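# Working through the structure, step by step
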2 protein chains.
Amino acid sequence: MIDRLACLFFGVFVVTPAFAQSTPLPSWHDGPTRDNIINFVERVTTPGHPDFVPENERIATFDNDGTLWCEFPVVQLAFVSASLQQMLPNHPEWKEDVAVQAVLDNNLDYFLKNGEQELARMLALTHSGMTREEFRERVGEFFRAAKHPKYNVAVTQTAYQPMLELLNYLRSKGFQTWICTGGGAEFVRVISENTYGIPAQQVIGSIGGWKFENRDGKSVLVKTPELLLKNDKEDKPVGIAIQTGGTPIFACGNVRSGGDIAMLEMARNNSRPNFQLLIHHDDEEREIAYGEKDNASLEAAKEQGWQVVSMKNDWKTIFPFQKEASNDR
Amino acid sequence: MIDRLACLFFGVFVVTPAFAQSTPLPSWHDGPTRDNIINFVERVTTPGHPDFVPENERIATFDNDGTLWCEFPVVQLAFVSASLQQMLPNHPEWKEDVAVQAVLDNNLDYFLKNGEQELARMLALTHSGMTREEFRERVGEFFRAAKHPKYNVAVTQTAYQPMLELLNYLRSKGFQTWICTGGGAEFVRVISENTYGIPAQQVIGSIGGWKFENRDGKSVLVKTPELLLKNDKEDKPVGIAIQTGGTPIFACGNVRSGGDIAMLEMARNNSRPNFQLLIHHDDEEREIAYGEKDNASLEAAKEQGWQVVSMKNDWKTIFPFQKEASNDR
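Described below are features of the structure shown in this document. (Residues numbered from 1 in each chain as written. Chains lettered and ligands numbered in written order. Predicted model: local features only at pLDDT ≥ 70, side-chain atom pairs only at ≥ 80, totals over all residues. Heavy atoms only, no water.)

This part covers the interface of chain B and chain A. Counting residues at the interface gives 30 residues for chain B, matched by 30 residues for chain A. Here chain B packs against chain A, burying approximately 2,700 Å² in sum over the two surfaces, 52% of which is carbon and sulfur. When the area that chain B buries against chain A is broken down by residue, the three leading residues are Gln201(B), Phe212(B) and Ile242(B), summing to 24%. Linking chain B to chain A there are zero salt bridges. At the junction of chain B with chain A, the criterion picks out 14 residue pairs in polar contact (both at pLDDT 80 or more). Elements supplying a minimum of two residues to the side of chain B that touches chain A: α7 (132-145), β2 (176-184), α9 (185-196), β3 (203-215), β4 (218-229), α10 (236-244) and α11 (261-268) of chain B. If you tally residues by element for the side of chain B that touches chain A, the top one is α10(B), at six residues. The residue inventory of the side of chain B that touches chain A, partitioned by class, reads 13 nonpolar, ten polar and seven charged. (Contact = heavy atoms within 4.5 Å. Buried area = accessible area lost by both parts, 1.4 Å probe. Salt bridge = Lys/Arg side-chain N within 4 Å of Asp/Glu carboxyl O. Polar contact = N/O pair within 3.5 Å; in protein donor to acceptor, adjacent residues only side chain to side chain. Helix = DSSP H or I, 4+ residues; strand = E, 2+ residues; numbered from the N terminus. Nonpolar A, V, L, I, M, F, W, Y, C, P; charged D, E, K, R; others polar.)

Shown next as C-alpha cells:
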C-alpha cells in the first residue's frame, strides 16, 4: 500500500519529454542506422555545435508510398478503381472504354503496354470536375472503407511504425516534417494530419489544376484535368522549392523507381549539414521484398553516402498492428 | 527611492502579453473599422464562443503590393529595370530590343500598348537562367540599394505601419499570416521574413518554372522562363489552395485592379466565420490617392459586406518613418 502511494506520488515527477528523449525510435534495432540518425539530429540541434542548424531551416521531407506506408497496392490507384466503380452507373459510355475496363479488371498489363497517357486519363476521370469539398468527401469515404488486401486493416494502418516514430522524434527536435509524394497533394492531404501528424500545408505532391468558379451562386474551387506539376523524380525538388521556399536538411525516400533520387540529392547539396535516408524493401516475411530495375537508388546511395535502411534488419516492427507480435522477436 | 524600488519590484509582474492585448492596433484610429477587426478576432479566438475557429484553420491571407506596402512604383518592375541595366553590358543585342529600351526609359506607355506579353518577356529575361541562390543574391542586392523615389527610404520601409501591427496582432491570436501576391513568390520570399515576419513557406505568389540540373558537378535548381501559375484575380484562390491546402477566414486586399476580389470572395465563402478587408487608397497627402477603372472591388465590398479601410480616416500613421510626425495629428 505504501509502495503504491509512493509510486503515485513520485509518478507525478516522471516527465514525459525527458523519458521520450531517453528512448527515441524504440521500433528501430540498435545499430549504425539508428545511431547515425540520432547522431545527426543531436548535432544539428545542439546550440553551439559546429553543425547546429537554426530551427526555421530544419526541413525534413518524406516520400509517402513505400517510405511512410506500404506501396503495394498503390493506394491512389485503388481509389481510381473504387471511384470508377462508383461512377459507372452514370457513365454507360464507359462500357466501351478499354482503359476503364482494364482498371476494373485490375489489368495492370494494359497500362504497362499503353503507357502513362492512359493512366493520366483515368486519373483525370476520377480527379476532376468536382469541387474541392466533393473530392475530399469522396477520398474520405474511400479511406473509411478501404482495407489492405494482405493485412486486412485500414490502408492508413499500413503506415510504418518506425517511420511514425521518426516523424515524431524529428518534430520533438524542432524539425518541420513535410510529405513530398508523387501522388496527388489533394489526395494525401485528406489523411496526412490523422495518419502522420502532418498538416495539409506541409504536403507537397503532384498539383492538379483548379478553376475558381460560380456554382449555385457560390464561388468554389473546381478540380480540372490539368496537371500543373508531376511531383516525381527531377520535379520533386521543384515541388519542394515551390512550397517550402527552402531546401531540406533531411530527406527520406525508398528503393523502387528512382523517384526519390533527385530529392535526396537536393538535400545532399544543401550547404547546411544534411542527412539522407533510403528505405530498402528487403523483408519478404513481414512486408514485401522488391528492388529496382536499374538499381540506381542504391548506387546513388553508395556514391553519395546516404544511409540505407534494411527493413528486415533495422526495424523491430513494421506496422503498428504487428507491434505485439514483434515484441517476441 | 522607495518608490523606485517598488516600481522595479512590481515591474517584474507587468506581463507583456496582457499589456499588448489591451492596446492592439495602436496606429489605427478608434472607430468601426478597428472595432470590427478586433471584434471578429476576439469572436473566433474565444474558446466556447459560437464563432470559435480552431487554430489550424485560422489562415489569414494578404495581398502585398498596395496592401502591405506602397505599390507605386511597382517594386518588382523596378527590379526588372535595375536588372536589365546591370545585365546590359553582356547583351549588346538588347540595344535593338524596343521593350528593353522602353523599360530603361521608364516608358510605361509601350507596355500599355503592347500588352502583357512583352512584359512577360522582360520578366523572363531577368528572372530565369540563374540558380535559386544567384537569383536570391541579386534580389537581395536590389533591396539593399533601392530607395523609394518619393520617400527616399529603403523600399521595404514603405510597408504600412498599421498593417505590420495587424499581422502581429493576428499572429499573437494564433493566426497564420500568409502573403498572397501577384508578384513572384521567389522575389517576395527574399524580404518577407525581415519585413513582415512571414517565413518563405507562407509566401504564395506567381510561380515560375524550375529545372533541377547539374552545374559544375552540383545539382541545383535553375529558374526557367516558364510560368506555372500567375497568382492574380481568379487564380489567387488556386495559389492559396495549392500552398495552404485550406481556405482563409481572413483575407485582405486593395482597390486598384480588382486583383484581390476572388481571394476575398474565397474567404467570404468559407463555411467558418470570416472577415474581408479592402484597403482604399484615398490619402493624397500622406500616400497617393487612386481608385479602380470599373470600381469593381468597392462594389463587391458593398455587395458582400467587406470592411473597407480608408487610409485617410482609419490610419493614424501610414509608414513607420512617419510615426513621429503622426503623433502630432
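As a further point, take the pairing of strand β5 (residues 250-254) of chain A. Residues and elements named next belong to chain A. For β5, a buried count of five out of five residues is recorded, marking the element as mostly surrounded by other parts of the structure. Side-chain alternation along β5 places Phe250, Cys252 and Asn254 on one buried face and Ala251 and Gly253 on a second face that is also buried. The pairing of strand β1 (residues 59-62) with β5 spans three bridges and is parallel. Note on β5: the bridge partner recorded for Ala60 is Phe250. Where β5 lies against strand β6 (residues 275-280), five bridges are found, and the strand directions are parallel. Paired with Ala251 across the bridge in β6 is Gln276. The handedness of the β5 to β6 crossover, carried by helix α11 (residues 261-268), is right-handed. (Buried < 20%, exposed > 50% of the residue type's maximum accessible area, 1.4 Å probe, protein only. Pairing = 2+ DSSP bridges. Right-handed = clockwise from strand over helix to strand, strands pointing away.)

It is worth spelling out the sheet that holds β6(A) at this point. Residue and element names in this part refer to chain A. With respect to topology, seven strands assemble into an open sheet ordered β4-β3-β2-β1-β5-β6-β7, the strand pairing being mixed. Two strands in the sheet have a free side with no partner beyond their single neighbour: β4 (218-229) and β7 (307-310). Neighbour-to-neighbour, the strand axes of this sheet turn through a mean angle of 30°, independent of strand direction. Sheet strands touched by helix α8 (residues 161-172): β1, β2 (176-184), β5 and β6. Its angle to β1, the strand with the most contacts, is close to 165°. (Axes fitted to C-alpha atoms, helices over the stretch in contact; angles between N-to-C directions.)

The next point concerns the packing of aromatic side chains. All names here are of chain A. Counted under the stated rule, the structure contains 42 aromatic pairs over all chains. Summarising the aromatic geometry, the rings of Phe79 and Phe142 are spaced 5.5 Å apart at their centres and angled 75° between planes, so their arrangement reads as edge-to-face. Pair noted here: Phe79 is in helix α4 (residues 75-87) and Phe142 is in helix α7 (residues 132-145), with a separation of 63 residues, a long-range link. In this pair, the class of Phe79 matches that of Phe142, namely buried. Ring centres 5.5 Å apart and planes at 50° place the aromatic pair Tyr151 and Phe321 in the tilted group. Taken together, the positions of Tyr151 in the loop between α7 and α8 and Phe321 in the loop between α13 (311-314) and α14 (323-326) put the pair 170 residues apart, joining distant regions of the chain. (Phe/Tyr/Trp six-rings, centres within 6.5 Å; stacked < 30°, edge-to-face > 60°.)

As a further point, take the environment of Gln201(B). For Gln201(B), the position within the fold is in the loop between α9 and β3. The class for Gln201(B) is buried, based on a relative accessible area of 14%. Each C-alpha atom of the pair Gln201(B) and Pro248(B) lies 16 Å from the other, and the pair is 47 residues apart in sequence. Setting aside residues no more than four positions away along its own chain, Gln201(B) makes contact with Gln176(A), Trp178(A), Gln202(A), Gln243(A), Thr244(A), Trp178(B) and Gln243(B). A distance of 3.0 Å separates polar atoms of two side chains, one belonging to Gln201(B) and the other to Gln176(A).

It is worth spelling out the environment of Arg189(A) at this point. Of note, Arg189(A) is situated in helix α9 (residues 185-196). Between the alpha carbons of Arg189(A) and Val203(A) there is a distance of 6.4 Å; along the sequence they are 14 residues apart. If sequence neighbours within four positions are ignored, Arg189(A) has contacts with Ala200(A), Val203(A), Gln243(A), Ala241(B), Ile242(B), Gln243(B) and Gly245(B). Polar side-chain contacts of Arg189(A) include one of 2.9 Å to the backbone oxygen of Ala200(A).

On to helix α8 (residues 161-172) of chain B. All names here are of chain B. The terminal C-alpha atoms of α8, which comprises twelve residues, lie 17 Å apart, in line with the 16 Å expected from a rise of 1.5 Å per residue. Among the twelve residues that make up α8, nine are buried, leaving the element largely enclosed by the rest of the structure. Those residues of α8 lying buried are Gln161, Pro162, Met163, Leu164, Glu165, Leu166, Leu167, Tyr169 and Leu170. (Expected span 1.5 Å × (residues − 1).)

The next point concerns the relation of the copies chain B and chain A. Least-squares fitting of chain B to chain A yields an RMSD of 0.0 Å, with the transformation described by 0.0 Å of translation along the axis and a rotation of 180°. When the rotation and shift are considered jointly, the pair of chain copies conforms to a two-fold rotation axis. Both copies present the same face, since 100% of the interface residues in chain B are matched by interface residues at the equivalent positions in chain A. (Least-squares fit on C-alpha atoms with pLDDT ≥ 70 in both.)

All right, on to unusual backbone geometry then. The phi torsion of most residues other than glycine is negative, and most of the peptide bonds are trans. Cis geometry is found at the peptide bond from Phe72(A) to Pro73(A), where omega equals -10°. At Asn295(A), a position not held by glycine, the phi torsion is positive, near 60°. Examined against the element boundaries, Asn295(A) turns out to sit in the loop between β6 and α12 (296-304). For Asn295(A), a relative accessible area of 32% puts it in the partly exposed group. One non-glycine residue, Lys233(B), adopts positive backbone phi at about 50°. Under the relative-accessibility criterion, Lys233(B) is labelled partly exposed at 36%.

Another aspect to go through is a negative patch on the surface. On the surface, Glu133(A), Glu134(A), Glu137(A) and Glu141(A) cluster together into a patch of negative charge. Along the chain, Glu134(A) falls in helix α7. (Patch = residues over 30% accessible without salt bridge, like charges linked within 9 Å, V, L, I, M, F, W, Y side chains within 5 Å. Areas by Shrake-Rupley, 256 points an atom, 1.4 Å probe, with all protein chains shown as cover. Lys, Arg positive; Asp, Glu negative; His and termini not counted. Charge placed at Lys NZ, Arg CZ, Asp CG, Glu CD.)

By themselves, these observations are geometric and do not establish any function.
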